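Architecture at a glance
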Amino acid sequence: MTINLSTANEFIARHIGPRQADEQAMLATLGFDSLEGLSASVIPQSIKGTSVLDLPDGQSEADALASIKAIAAKNQLCKTYIGQGYYNCHTPSPILRNLLENPAWYTAYTPYQPEISQGRLESLLNFQTLISDLTGLPISNASLLDEATAAAEAMTFCKRLSKNKSSHSFFASSHCHPQTLDVLRTRAEPLGIKVVVADERELTDVSPFFGALLQYPASNGDVFDYRELVERFHSANALVAVAADLLALTLLTPPGEFGADVAIGSAQRFGVPLGFGGPHAAYFATRDTFKRDMPGRLVGVSVDRHGKPALRLAMQTREQHIRREKATSNICTAQVLLANIASMYAVYHGPKGLIQIAQRIHQLTAILAQGLSALGLTVEQEQFFDTLTLNTGNNTAALHTKAHARQINLRVIDGQRLGLSLDETSGQSDVIALWALLAADGQALPDFEALASTVTSTLPPALQRQSPILSHPVFNRYHSETELMRYLRRLADKDLALDRTMIPLGSCTMKLNAASEMIPVTWAEFGNLHPFAPAEQSLGYQQLTTELEAMLCAATGYDAISLQPNAGSQGEYAGLLAIRAYHHSRGDERRDICLIPSSAHGTNPATANMAGMRVVVTACDARGNVDIEDLRAKAIEHSDHLAALMITYPSTHGVFEEGIREICGIIHDNGGQVYIDGANMNAMVGLCAPGKFGGDVSHLNLHKTFCIPHGGGGPGVGPIGVKSHLTPFLPGHAAMERKEGAVCAAPFGSASILPITWMYIRMMGGEGLKRASQLAILNANYIARRLEEHYPVLYSGSNGLVAHECILDLRPLKESSGISVDDVAKRLIDFGFHAPTMSFPVAGTLMIEPTESESKEELDRFCQAMICIREEIREVESGGLDKEDNPLKNAPHTAAEMIGEWTHPYSREQAVYPVASLIEGKYWPPVGRVDNVFGDRNLICACPSIESYQEA
Ligand SMILES: *Cc1c(COP(=O)(O)O)cnc(C)c1O
């Protein structure tokens with residue numbers, strides 16, 4: 001017997017659900033005998049073979065972990081006092097283990113199906129309550145992407161709502177974080193907004209502005225009293241947004257109490273690692289009157305079918321990107337997982353704990369400042385929270401050199417000054433080390449103990465917070481680890497995530513997020529690096545990002561990649577900006593028309609708007625394909641002004657359109673650029689490459705195709721790939737070679753989750769990735785074939801095959817039985833499934849994308865559920881089940897309904913155990929069907945009092 005001694009790569013087969021024998025059986029169902037045969041039939045002739053996945057063979061899980069460990073080791077962790085919006089903090093261990101590293105939390109989808117999302121919705125409602133309490137503004141959303149983009153959202157928000165309609169000027173304080181100002185400039189330019197950056201203390205005339213952004217405390221550390229200034233802005237009809245530090249707000253008068261209309265900022269220091277810049281949750285809070293204009297998602301309280309309180313996403317139709325051309329923001333994926341961490345950090349520490357953390361940091365900073373003054377240094381602030389600016393004059397460069405020799409990072413401000421910020425992890429030894437660093441040679445250091453007993457708060461008395469924080473019981477109950485652990489478990493148990501069931505979401509690719517991919521994310525070498533640490537300390541990240549860029553170029557056929565955009569929507573934005581800058585560089589300023597097929601995802605038109613383009617919608621034909629003649633006509637009509645086409649491939653209808661090359665050609669012939677939305681890349685990797693069949697730029701959703709988990713609605717990464725002519729126009733950053741055009745706060749966006757994609761590609765290798773795409777196509781076609789006799793499959797290619805997803809048309813059933821897509825989606829919950837995507841891209845349909853990670857058993861279980869549901873619908877059609885009082889209309893059924901009186905004409909067994917296999921391991925939804933209309937009419941977006949729960 002011979003034993004193979006080389007390490008086997010077990011990973012490909014672990015990532016892919018179906019076993020070899022299943023694969024053959026499924027292929028046989030479709031009439032194929034090989035995967036190659038199937039993909040040859042699905043991929044159009046004209047683009048076949050465009051992908052050459054020039055990647056090394058996949059490594060085993062153990063080997064890949066060792067490889068990435070070696071990369072991580074090249075990051076150097078120094079003592080860091082840079083601050084500037086990013087602070088060291090402690091992720092409480094029970095939150096690290098039971099939330100951040102727990103698939104029940106990180107593999108969940110965006111809570112569009114509220115009945116199976118009550119746990120994370122509760123946690124997000126806690127987040128909104130936290131933000132609302134700390135900022136003193138009544139309405140907060142459930143996170144934005146980062147502080148800088150939140151500031152940009154605040155700017156356009158002020159523009160829309162300000163009564164100074166004729167103004168196009170926005171005032172931004174020079175005391176804002178520099179990365180925030182950079183993103184504001186990027187976002188303002190295409191909209192024709194002029195950003196005026198100046199010191200507000202020297203501002204004589206406020207009348208030119210529709211709005212203003214202030215930073216509190218200021219980036220340099222000062223705590224300014226903005227009350228008078230806010231009044232001046234208001235009297236000139238301008239709105240005021242304040243970027244505020246959440247921890248400082250536990251001690252300071254909140255923006256809502258000094259008149260701010262909007263507060264934005266980062267929740268990073270509430271337990272989220274620095275991660276070289278992200279992902280972190282940003283927040284956005286505003287007045288009640290402005291709530292319907294809020295960007296991002298908002299969790300609200302409603303009731304379920306039984307009148308019991310239930311949470312859901314409020315005003316979903318108001319969600320900006322869903323409003324397409326009328327949208328004012330393109331944000332879709334946000335930062336839910338990170339918002340949940342921040343919210344649990346507040347739940348765990350409670351108001352007293354948070355105040356204590358803040359007071360300790362402030363006291364240490366005050367001691368530090370006193371000592372520095374005693375040493376003869378010039379501290380510029382008299383009133384500060386945790387940050388100081390030192391005027392170090394000509395000594396500045398020498399001090400940075402000395403600091404580096406001691407492995408200490410200080411903030412680089414300019415040639416004459418340096419900055420330092422203390423944080424939750426700082427202690428006495430940090431203060432003494434900083435004194436020792438900054439003292440002259442041989443100078444005696446101050447006596448810490450003596451200063452500690454005399455120094456008092458430097459916060460201005462008039463700005464000391466009087467209002468209480470976090471009085472809601474949820475922030476005062478779970479302060480022991482046992483209690484918190486059980487609270488996290490209880491919430492997770494309410495939800496359906498990938499750890500319990502397939503989530504067959506068309507367009508959203510909910511595939512395996514393998515444990516080996518996730519493990520490096522919480523390593524200190526990736527987690528504890530500051531985004532603005534000196535470049536020589538981030539060699540590991542530099543290797544990781546360089547290699548990942550090369551991997552993604554290989555996967556897409558593009559020439560260069562930017563990893564900066566922190567969601568697909570931001571990738572779209574960066575991509576359109578690149579196209580715009582390219583046209584401008586050629587003197588083609590008039591090119592501002594963006595053609596978008598009617599089937600596009602809502603972020604596409606929303607993004608085009610933000611990039612200052614005019615959207616022209618083109619038609620789709622009866623098969624769901626782009627109507628090429630309509631497209632041609634519009635491209636020709638607008639050829640003088642054509643900037644771009646945004647097209648999703650394979651189409652949002654789940655089909656590889658054969659005309660894609662022709663379509664790209666029409667756009668190029670008329671002077672436009674082609675943006676291929678890469679959200680459906682899971683059907684293409686290794687089979688065809690957008691950069692080779694006509695695309696000039698694409699975004700990828702690493703949280704779809706490349707295994708970053710959805711986190712319940714974020715984080716995400718939306719890198720863009722471009723052809724070489726667009727490379728000069730990729731996003732830059734003050735910390736990068738190209739300084740202009742940052743689209744988010746940190747140079748590599750959500751850097752700390754990039755290891756997930758690196759690991760995935762490293763383990764799969766070229767062959768594995770191609771196999772994954774083939775299996776994704778096989779699984780989708782298998783489902784389509786098994787279900788087509790029960791539900792019509794809406795679109796397929798000319799060969800009768802779909803790509804990696806399929807759309808089931810339920811509209812005829814609605815006609816014949818009154819049963820809607822909603823009823824079917826909710827009934828699936830009784831079977832223990834998360835619903836497919838509902839009514840996108842076509843109303844009244846379900847879009848199913850199984851992904852390659854689902855086994856044949858799971859696909860069969862899903863098909864069985866769908867077939868059972870079809871039987872039930874048939875009974876409704878035939879009158880065997882009542883038209884109104886039936887298991888579909890009443891779904892999902894809760895455990896509470898099973899006890900007590902049962903009045904329905906169908907049995908309890910049919911309600912909750914429609915298939916026998918459910919008796920073992922039944923999922924019980926905690927609430928019945930949620931009433932969206934009620935919640936939108938009675939909008940409540942913070943934790944209701946416990947009493948109101950009890951009353952209900
Ligand atoms: C998901 C998706 C987007 C938006 O990506 P986010 O990461 O959610 O911002 C854009 N286009 C399509 C087709 C998508 O499916």
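What counts, and at which threshold
- Counting restarts for each chain, with residues numbered from 1 along the sequence as it is written.
- Local features in this predicted model are restricted to residues of pLDDT 70 or higher, and side-chain atom pairs are both shown and tallied only at a pLDDT of 80 or more, whereas totals for entire chains, interfaces and linings draw on every residue.
- Hydrogens and water are ignored here; the side-chain numbers use all heavy atoms of the structure.
- UniProt positions are given in the numbering used here, feature names are shortened, and annotations may be inferred rather than shown by experiment.
- Only DSSP runs of H or I with at least four residues qualify as helices, and only runs of E with at least two residues qualify as strands; both kinds are numbered from the N terminus onward.
- Using C-alpha atoms as the atom set, the radius of gyration is obtained and then compared with a globule rule of 2.2 Å times the number of residues to the power 0.38.
- Three exposure classes are used, based on accessible area relative to the maximum for each residue type with a 1.4 Å probe and protein chains only: buried under 20%, partly exposed in between, and exposed over 50%.
- Note: the arc covers the axis-to-C-beta directions of the helix.
- What makes a residue near a molecule or strand is one non-hydrogen atom of that residue sitting within 4 Å of it.
- The definition of a polar contact used here is a pair of N or O atoms within 3.5 Å, where within protein one atom must be able to donate a hydrogen and the other to accept one, and adjacent residues in sequence count solely through side-chain atom pairs.
- Throughout, the ten residues Ala, Val, Leu, Ile, Met, Phe, Trp, Tyr, Cys and Pro are labelled nonpolar, Asp, Glu, Lys and Arg are labelled charged, and all others, Gly among them, are labelled polar.
- Note: two strands are recorded as paired if DSSP finds a minimum of 2 bridges between them.
- Axes, fitted as lines to C-alpha atoms, cover a helix only where it is in contact. Angles between the N-to-C directions of the axes lie from 0 to 180 degrees.
- Residue contacts are counted whenever heavy atoms from the two residues lie within 4.5 Å of one another.
- To sort the angles, those under 35 degrees are grouped as roughly parallel, those over 145 as roughly antiparallel, those from 65 to 115 as roughly perpendicular, and the leftovers as oblique.
- Crossing chirality is assigned from the near helix's rotation relative to the far helix, an anticlockwise turn below a right angle marking it left-handed and a clockwise turn marking it right-handed.
- All the domain ranges listed were derived from an automatic or database domain assignment.
- Buried area adds together the accessible area that both of two parts lose upon being put together, with accessible area traced by a 1.4 Å probe.
- By salt bridge we mean one thing: a side-chain nitrogen of Lys or Arg within 4 Å of a carboxyl oxygen of Asp or Glu.

- The protein chain has the name Glycine dehydrogenase (decarboxylating) in an unreviewed UniProt entry, where Pseudomonas deceptionensis is given as its organism.
- Its UniProt record, at the heading Catalytic activity (unreviewed entry), says of the protein chain: "N(6)-[(R)-lipoyl]-L-lysyl-[glycine-cleavage complex H protein] + glycine + H(+) = N(6)-[(R)-S(8)-aminomethyldihydrolipoyl]-L-lysyl-[glycine-cleavage complex H protein] + CO2".

1. Considerations on the overall build of the protein chain
- Along its length, the protein chain carries 30 helices and 26 strands.
- Relative to its length of 952 residues, the protein chain is compact, with a C-alpha radius of gyration of 28 Å against a globular reference of 30 Å.
- Seen along its three principal axes, the alpha-carbon backbone of the protein chain occupies a region of about 85 × 75 × 70 Å.
- Evaluated residue by residue, the protein chain yields a buried proportion of 65% over its 952 residues.

2. A closer look at the UniProt feature "domain: Glycine dehydrogenase C-terminal" (unreviewed entry) in the protein chain
- As annotated by UniProt and renumbered to match this structure, "domain: Glycine dehydrogenase C-terminal" (unreviewed entry) occupies residues 772-893.
- Across residues 772-893, the secondary structure splits into 46% helix and 8% strand, with the terminal C-alpha atoms separated by 36 Å.

3. Looking at helix α12 (residues 396-405)
- Those residues of α12 lying buried are Thr396, Leu399, His400 and Ala403. For α12, the angular spread of buried residues about the axis comes to 100°, placing them on one side. Every exposed residue of α12 that faces more than 90 degrees away from the buried side is listed here: Ala397, Thr401 and Ala405.

4. A closer look at the site of the ligand
- Surveying the vicinity of the ligand reveals 14 residues, the closest of which are Thr333, Ser507, Asp677, His703 and Lys704.
- For the ligand, an oxygen atom lies 2.6 Å from a polar atom in the side chain of Ser507.
- A distance of 2.8 Å is found between an oxygen atom of the ligand and a side-chain nitrogen or oxygen belonging to Lys704.
- Counting residues per element, the shell around the ligand draws most heavily on helix α19 (residues 568-585), which supplies three residues.
- When grouped by side-chain class, the residues that make up the shell around the ligand number three nonpolar, eight polar and three charged.

5. Side note on the sheet that holds strand β20 (residues 673-678)
- Pairing is mixed across the open sheet formed by seven strands, whose spatial order is β16-β22-β21-β20-β19-β17-β18. Looking at strand neighbours, the two that pair on one side only are β16 (560-562) and β18 (614-618), the edges of this open sheet. Pairs of neighbouring strands in the sheet enclose a mean axial angle of 25°, with direction left out of account.
- Contacting β17 (593-597), β18, β19 (642-648) and β20, helix α20 (residues 603-610) runs over the sheet at an angle of about 175° to β17.

6. Side note on the packing of helix α8 (residues 147-161) against helix α9 (residues 178-188)
- Between α8 and α9, whose axes approach to 8 Å, the crossing angle comes to 45°. With respect to each other, α8 and α9 are oriented oblique. Where α8 crosses over α9, the handedness of that crossing is right-handed. Where α8 approaches α9, its residues Glu147, Ala148, Thr149, Ala151, Ala152, Glu153 and Met155 are matched on the opposing element by Gln179, Thr180, Val183, Leu184, Arg187 and Ala188.

7. Description of the domain arrangement of the protein chain
- When the domains of the protein chain are assigned, the result is domain 1 (81-296 + 331-502) and domain 2 (520-763).
- Using only C-alpha atoms to locate each centre, domain 1 and domain 2 end up separated by 30 Å.
- In this complex, domain 1 contributes 43 residues to the contact, which on the side of domain 2 involves 50 residues.
- A buried area of about 3600 Å², summed over both sides, lies between domain 1 and domain 2, and 62% of it is on carbon and sulfur atoms.
- Taken together, domain 1 and domain 2 are joined by one salt bridge.
- Seen at the junction of domain 1 and domain 2, the total is 19 residue pairs in polar contact (both at pLDDT 80 or more).
- At the level of elements, α5 (93-100), α6 (103-106), α8, α9 and α11 (336-374) are the ones that each hand at least two residues to the side of domain 1 that touches domain 2.
- For the side of domain 1 that touches domain 2, the element with the most residues is α9, which contributes five residues.
- For the side of domain 1 that touches domain 2, the class distribution of residues is 24 nonpolar, 13 polar and six charged.

8. Regarding the UniProt feature "modified residue: N6-(pyridoxal phosphate)lysine" (unreviewed entry) in the protein chain
- Feature annotation in UniProt assigns "modified residue: N6-(pyridoxal phosphate)lysine" (unreviewed entry) to the following positions: Lys704.
- Structurally, Lys704 can be placed in the loop between β21 (697-700) and β22 (720-722).
- A relative accessible area of 8% places Lys704 in the buried class.
- When residues no more than four places from it in sequence are discounted, the contact partners of Lys704 are Ser507, Cys508, Thr509, Lys511, Ala679 and His710.
- Only 3.4 Å separates the side chain of Lys704 from the backbone oxygen of Ser507, close enough to count as a polar contact.

9. Section: the environment of Ala745
- You can see Ala745 is positioned in the loop between β22 and α23 (754-787).
- Relative accessible area serves as the criterion here: at 3%, Ala745 is assigned to the buried category.
- Along the backbone, Ala745 and Leu687 are 58 residues apart, and their C-alpha atoms lie at a distance of 35 Å.
- The residues touching Ala745, leaving out its near neighbours within four places in the chain, are Tyr86, Asp146, Ala148, Gln179, Val183, Phe532 and His733.

10. A few points about the pattern of salt bridges
- For the coordinates displayed, the defined rule picks out 41 salt bridges.
- Between Asp414 and Arg417 there is a salt bridge, and its shortest N-O distance comes to 3.1 Å.
- With relative accessibility at 32%, the residue Asp414 sits in the partly exposed group.
- Here Arg417 falls in the partly exposed class, since its relative accessible area comes to 24%.
- Between Glu629 and Arg632 there is a salt bridge; the shortest N-O distance is 3.1 Å. Remark: Arg632 and Glu629 occur in helix α21 (residues 628-637); sequence separation between them is three residues, near one turn of the helix.

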